[in-house]
Amino acid sequence: MALPGEDDWKRRVIERAKELDHEHRRRIRGDLPSNAKRVLSLRMVRRVLRQLVVRPRRTEAREVPHPAPGAIAVTFVGHASAMLTTCRARVLVDPFLGDFLLGVRRREAACLAAADAADASLVLISHAHRDHLHLPTLRQLPRRAMVVLPPRCEPLVRSLQFARVVELPPGQSLEHGDVEVTAVAARHDGRRGLIDRAWRPSNGYIVKCAGANVYCAGDTAYFSGFEEIGQRLHPDVALLPIAGYEPPSLREDHMSPLDAIQAFVDLGAKLLVPVAYGAFPLGYEPIDEPVSWLTDLCREHGLLDRLAVLRPGETCQVHGREGA
Ligand SMILES: [Zn+2]
């Protein structure tokens, strides 16, 4: 039996998803020939081959100091990796420092100071895909760090012998230093590879410190959970993935900039920090398209002052409601 108002809510969510599908269909380039799929995949292969001979762009990494109590420094490390620095904790989210992913060279190198990597006290892994759970990067991190992952992922890091490894199902929280971490659901197939039969799920995480909440979505498609996360956990900053949306079937697991804007509105967050773009071609779309489309959408919807596009290594600060 449906709860009071549940039918309305479901209808609203379904309608919203339909509208997003419609907007994406409308946007599909009308000038592509009937063999569009082949043309687009050839374009992607050309891009991958070009990246193989061009070295990744590198930015010199600068150390990010621990902020005063009551603030969180949010640093974009590159691709899907981020660093959250508080007065007492250094949190790495999906750290991936390598230059190659499954043989594909990245276009922009990760940017993280060695001293900051060595200072990591907590590592959050959203799912087992190799650009999120990257064993060579984890091997570089201090073993005293705590590692948090979704259920059924602990065996993947067991041999690294971190001080503490916790599988955190959605809805559960843990405390670490001055931060509280809550795992939330994501819509993304988190299997390690095609032959991985472990059915590993994907998490998002809310990191709370002194009343400031940072939401790290990991990889996810647009789904009804954003509204619930917004109502329950009130994220101030949302780190949302924006690439890997062409062909449209990829939107089963990823978000386009248009999906990300809707997710941002559903979440009720104050600041949108896009992630998971610019390093690897995740879909057929041009590698520079996600961030320019997102910027255009934010301009159109009057949200430009709430968008923070960070370069690898760049940091913005969030201040908690509880203050210093
Ligand atoms: Zn993924």
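Residues numbered from 1 in each chain as written. Predicted model: local features only at pLDDT ≥ 70, side-chain atom pairs only at ≥ 80, totals over all residues. Heavy atoms only, no water.

Undergrad: I'd like a rundown of empty space enclosed by the protein, residues and numbers included.
TA: Tallied over the full model, the rule gives four cavities of 30 Å³ or more. Estimated volume of the second largest cavity: approximately 70 Å³. Lining the second largest cavity, in full, are A80, A82, V93, D94, H132, C216, A217, G218, L239 and V275. Within the lining of the second largest cavity, the residues separate by chemical class into seven nonpolar, two polar and one charged. (1 Å grid on protein atoms, 1.4 Å probe; cavity = no way out; pocket = protein on both sides within 12 Å on 5 of 7 lines; lining within 4 Å. Points joined across faces, edges and corners; volume = space filled by probe spheres on them. Nonpolar A, V, L, I, M, F, W, Y, C, P; charged D, E, K, R; others polar.)

Undergrad: Lay out the packing of helix α1 (residues 6-27) against helix α7 (residues 257-267) in plain terms, naming residues and giving numbers.
TA: At a minimum axis separation of 10 Å, α1 and α7 run at an interaxial angle of 155°. Of the possible angle classes, the one that applies to α1 and α7 is roughly antiparallel. Like other packed secondary-structure pairs, α1 and α7 cross with a definite hand, here right-handed. Touching R16, L20, E23 and H24 of α1 are L258, D259, Q262 and D266, all from α7. Of the residues assigned to the contact of α1 with α7, the class counts are two nonpolar, two polar and four charged. (Axes fitted to C-alpha atoms, helices over the stretch in contact; angles between N-to-C directions. Helix = DSSP H or I, 4+ residues; strand = E, 2+ residues; numbered from the N terminus. Parallel < 35°, antiparallel > 145°, perpendicular 65-115°, else oblique. Left-handed = near helix turned anticlockwise from the far one by under 90°. Contact = heavy atoms within 4.5 Å.)

Undergrad: Please set out the pairing of strand β13 (residues 237-241) residue by residue, giving values where relevant.
TA: On a regular strand, each side chain points to the face opposite its neighbour's, so the side chains alternate between the two faces of the sheet. With five of five residues buried, β13 lies mostly within the body of the structure. Neither face of β13 is exposed, since V237, L239 and P241 on one face and A238 and L240 on the opposite face are all buried. In this sheet, β13 lies alongside strand β12 (residues 212-216) in parallel orientation, the contact comprising three bridges. By the bridge assignment for β13, V214 is matched with V237. At this point the chain moves from β12, through helix α6 (residues 225-233), to the parallel β13, and the crossover so formed is right-handed. As paired strands, β13 and strand β14 (residues 271-275) are joined by five bridges and run parallel to one another. Residue L239 lies in a different strand from β14, and its bridge partner there is V273. (Buried < 20%, exposed > 50% of the residue type's maximum accessible area, 1.4 Å probe, protein only. Pairing = 2+ DSSP bridges. Right-handed = clockwise from strand over helix to strand, strands pointing away.)

Undergrad: Account for the pattern of salt bridges, naming residues and giving values.
TA: Across all of its chains, the model carries 17 salt bridges by this definition. The partner of R12 in a salt bridge is E227, with the nearest N and O atoms 3.5 Å apart. Within this pair, whereas R12 is found in helix α1, its partner E227 is found in helix α6, the two being separated by 215 residues in sequence. Of the charged contacts in the structure, one is a salt bridge between E108 and R57, with a shortest N-O distance of 3.0 Å. Residue E108 is located in the loop between β5 (104-105) and α3 (114-118), and its partner R57 is located in the loop between α2 (36-53) and β1 (71-78); the two are separated by 51 residues in the primary sequence. Taking relative accessible area as the criterion, E108 reaches 7% and is therefore assigned buried. Salt bridges sharing common partners tie together R12, R16, E227 and D266. (Salt bridge = Lys/Arg side-chain N within 4 Å of Asp/Glu carboxyl O.)

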